[in-house]
Amino acid sequence: MSVSDVRERFHYTVLLFIVMIRNMTEFSWNSDHFWVLIPDMLLVLVTEHFVDWLKHAFITKFNEIPAEVYNEYTTSLAYDMTTSRQTTAFSDHCDLVSRRMGFTPFPVCVLVVRIVFQSVKISGAMGWLLVFIGFLCLLSLKFLINIVLLGNAIKIVKRHKETQSKEKNSPKPQRSAFRKVPRMVSFSAVPDQRPLGGDAPLFKSNSTISMESIRLNKEMLETETCSRPEEIGQVKVN
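Residues numbered from 1 in each chain as written. Predicted model: local features only at pLDDT ≥ 70, side-chain atom pairs only at ≥ 80, totals over all residues. Heavy atoms only, no water.

Between its first and last C-alpha, helix H6 (residues 124-169) extends 68 Å over 46 residues, near the 68 Å set by a 1.5 Å rise per residue. The set of residues buried in H6 consists of Gly127, Asn146, Ala153, Ile156 and Val157. Its buried side turned inward, H6 meets helix H3 (69-83). (Helix = DSSP H or I, 4+ residues; strand = E, 2+ residues; numbered from the N terminus. Expected span 1.5 Å × (residues − 1). Buried < 20%, exposed > 50% of the residue type's maximum accessible area, 1.4 Å probe, protein only. Contact = heavy atoms within 4.5 Å.)

Put into structure tokens, the structure is as follows:
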């Protein structure tokens, strides 16, 4: 979404340039009309920047996206630009970055050239010489922008690699043995689990259970005794 906004702003700039040229042509290239158009063009660009800023602020706020994600986008574009400059690159740098941004420069270039040749009348050798000088100026500007962008991309890539090396070399914090909180057990609700054999009493002295209510199930006792005769030992009868 961020790169699409950048592409959209560039398109708006080109369209405003075309509108300015067509208006200046209609007003016979009057400089007074040029200064009338400048505030409106700046207002459109500033409004576009403000709307994009508000949109990104809304999305990152309510989707809980950290602001550091934009640094990752910048780093990704920087890697694309630096790797495409290598001798082993499989694609041209313009093609790689354009595909990343979803930008197609040729239709915009053809549109600008067509509008300029329709709006500006070229006659004589001096006119074509000015066109050639203008082409050289635009080509020099392109080289200058590429050099500046490549320098910034190299700085971003170096900074990112230094950060990664520091993270790898830094010791990892050890987990504390007391990190987990033990489960609290209440011993007041634990029943008495002493064995029933030996001298241990079956019921406590303050028990409210009546001994008269206790009856042995003779049928179950006889069935269990008959099913396991090998386990029968000596039976003591009190």
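Next comes the rest of the account.
Under the criterion given, the structure shown has three salt bridges. Between Asp52 and Lys55 there is a salt bridge; the shortest N-O distance is 3.9 Å. Remark: Lys55 and Asp52 occur in helix H2 (residues 31-62); sequence separation between them is three residues, near one turn of the helix. The class of Lys55 is partly exposed, set by a relative accessible area of 30%. Here the residues in one salt-bridge network are Asp5, Arg9, Asp52 and Lys55, joined through shared partners. (Salt bridge = Lys/Arg side-chain N within 4 Å of Asp/Glu carboxyl O.)

By the element assignment, Ser119 lies in helix H5 (residues 105-119). A distance of 2.9 Å separates a polar atom in the side chain of Ser119 from the backbone oxygen of Ile115. Dropping the residues within four chain positions of it, Ser119 is found in contact with Ile21, Arg22, Thr25 and Trp29. (Polar contact = N/O pair within 3.5 Å; in protein donor to acceptor, adjacent residues only side chain to side chain.)

Next up on the list: the packing of helix H1 (residues 2-26) against H5. Between H1 and H5, the shortest axis-to-axis distance is 10 Å and the interhelical angle comes to 10°. The pairing of H1 with H5 is recorded here as roughly parallel in orientation. Each of His11, Val14, Phe17, Ile18, Ile21, Arg22 and Thr25 in H1 lies in contact with H5, whose residues at this interface are Val108, Leu111, Val112, Ile115, Val116, Gln118 and Ser119. When grouped by side-chain class, the residues that make up the contact of H1 with H5 number nine nonpolar, four polar and one charged. (Axes fitted to C-alpha atoms, helices over the stretch in contact; angles between N-to-C directions. Parallel < 35°, antiparallel > 145°, perpendicular 65-115°, else oblique. Nonpolar A, V, L, I, M, F, W, Y, C, P; charged D, E, K, R; others polar.)

A few words on the packing of aromatic side chains. Each aromatic ring pair is specified by the distance between its two centres and by the angle formed by the two planes. Under the defined criterion, the tally for this structure stands at six aromatic pairs. Ring centres of Phe10 and Phe103 lie 5.4 Å apart, and the angle between their planes is 90°; this geometry places the pair in the edge-to-face category. Here Phe10, found in helix H1, pairs with Phe103, found in the loop between helix H4 (93-101) and H5; they are 93 residues apart in sequence, far enough to count as distant. Residue class for Phe10 comes out partly exposed when judged on its relative accessible area of 42%. For Phe103, a relative accessible area of 19% translates into the label buried. (Phe/Tyr/Trp six-rings, centres within 6.5 Å; stacked < 30°, edge-to-face > 60°.)

Contact geometry for H1 and H2: axes closest at 11 Å, N-to-C directions at 165°. By the angle class used here, H1 and H2 are roughly antiparallel. Crossing geometry of H1 relative to H2 is assigned as right-handed. When H1 is examined against H2, the residues Ser2, Asp5, Glu8, Arg9, Tyr12, Thr13, Leu16, Met20, Asn23 and Met24 are found in contact with a partner set consisting of His33, Phe34, Leu37, Met41, Val44, Leu45, Glu48, His49, Asp52, Lys55 and His56. In terms of residue class, the contact of H1 with H2 is built from nine nonpolar, six polar and six charged. (Left-handed = near helix turned anticlockwise from the far one by under 90°.)

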